[in-house]
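One-letter residues, chain by chain:
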Amino acid sequence: MKSSLSRITLALMALLLCLATLMPAALAEPLSIQINAQITLEGTQPATAEAYVIRMTADDPSNPMPNGQKGGSYDLIITGAGSAVFPAMTFDSLGIYKYTIAEIPGTNPDCTYDTRTYQLTVSVVNSEKEGFDIEVALRENGKTEKTDAALFHNVYKTILPTPAPTTPPGKITATGVNDMWMYYVGGAAVLLVAAAVIVHFLRRKEDGSHEGN
């Protein structure tokens, strides 16, 4: 009987040891990280700055999320061009955690929103010396090099300014001077020439009448 109990006890201990190796080890001191995001703009921007949504989605909904949010996704809002930081993400167990970061397209019909996505991999591993290490790899989808921030570039249509209207002929300009003055001057010159011709003609006629007498 005692021999059977001993064998059962040993089997239970072995099973517990196996389960312990399968379960992620809890960290004595949780590790935290923060991820940067940035929006740049091009073209004629709206008078009121638009709010852009940068969404982080976990491959596994149970992954740690910014600010401890549950549900496997977190939305970061950036208003206008600029940078922002996702709230801290705290990891308390060994493991590899994966996320996708993308911009949610807005509703402005004059804007082409960036469709790039980024893959975030957070690895919590045993340190070679003592304790634990956390490794962060943020990469644009399809690329191998790491980046320091998730960058998004939105392009608005370029709207050219409306040209200033020209002053129609005969209208009073901003200086208060009628732009028909050149026509008036020309007309006056013609009248002067006509008057001179008439005076000359009359004088010749008068001189001719004196000679006849």
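Residues numbered from 1 in each chain as written. Predicted model: local features only at pLDDT ≥ 70, side-chain atom pairs only at ≥ 80, totals over all residues. Heavy atoms only, no water.

A word on the sheet that holds strand S4 (residues 73-79)
The sheet built from five strands is open, its strands ordered S4-S3-S7-S9-S10 with antiparallel pairing. Where the open sheet ends on each side, the last strands, each with one partner, are S4 and strand S10 (132-140). When the angles between neighbouring strand axes are averaged without regard to direction, this sheet yields 20°. One ladder, built from nine bridges, connects strand S9 (residues 117-126) with S10; its direction is antiparallel. Note on S10: the bridge partner recorded for Gln119 is Arg139. (Pairing = 2+ DSSP bridges. Helix = DSSP H or I, 4+ residues; strand = E, 2+ residues; numbered from the N terminus. Axes fitted to C-alpha atoms, helices over the stretch in contact; angles between N-to-C directions.)

Remarks on the environment of Arg139
For Arg139, the location among the structural elements is in strand S10. Those residues in contact with Arg139 that lie beyond four places of it in its chain are Thr117, Tyr118, Gln119, Thr144, Glu145, Lys146 and Thr147. From its side chain, Arg139 meets the backbone oxygen of Thr144 in a polar contact 2.7 Å long. (Contact = heavy atoms within 4.5 Å. Polar contact = N/O pair within 3.5 Å; in protein donor to acceptor, adjacent residues only side chain to side chain.)

Some thoughts on the pattern of salt bridges
Applying the stated criterion across every chain, the model contains five salt bridges. With a shortest N-O distance of 2.8 Å, Arg116 and Asp114 are connected by a salt bridge. For Asp114, a relative accessible area of 10% translates into the label buried. A salt bridge links Glu140 to Lys143; the shortest N-O distance between them is 3.4 Å. Using a relative accessible area of 17% as the deciding quantity, one classes Glu140 as buried. Shared partners join several salt bridges into a network, and the residues in it are Asp114, Arg116, Glu140 and Lys143. (Salt bridge = Lys/Arg side-chain N within 4 Å of Asp/Glu carboxyl O. Buried < 20%, exposed > 50% of the residue type's maximum accessible area, 1.4 Å probe, protein only.)

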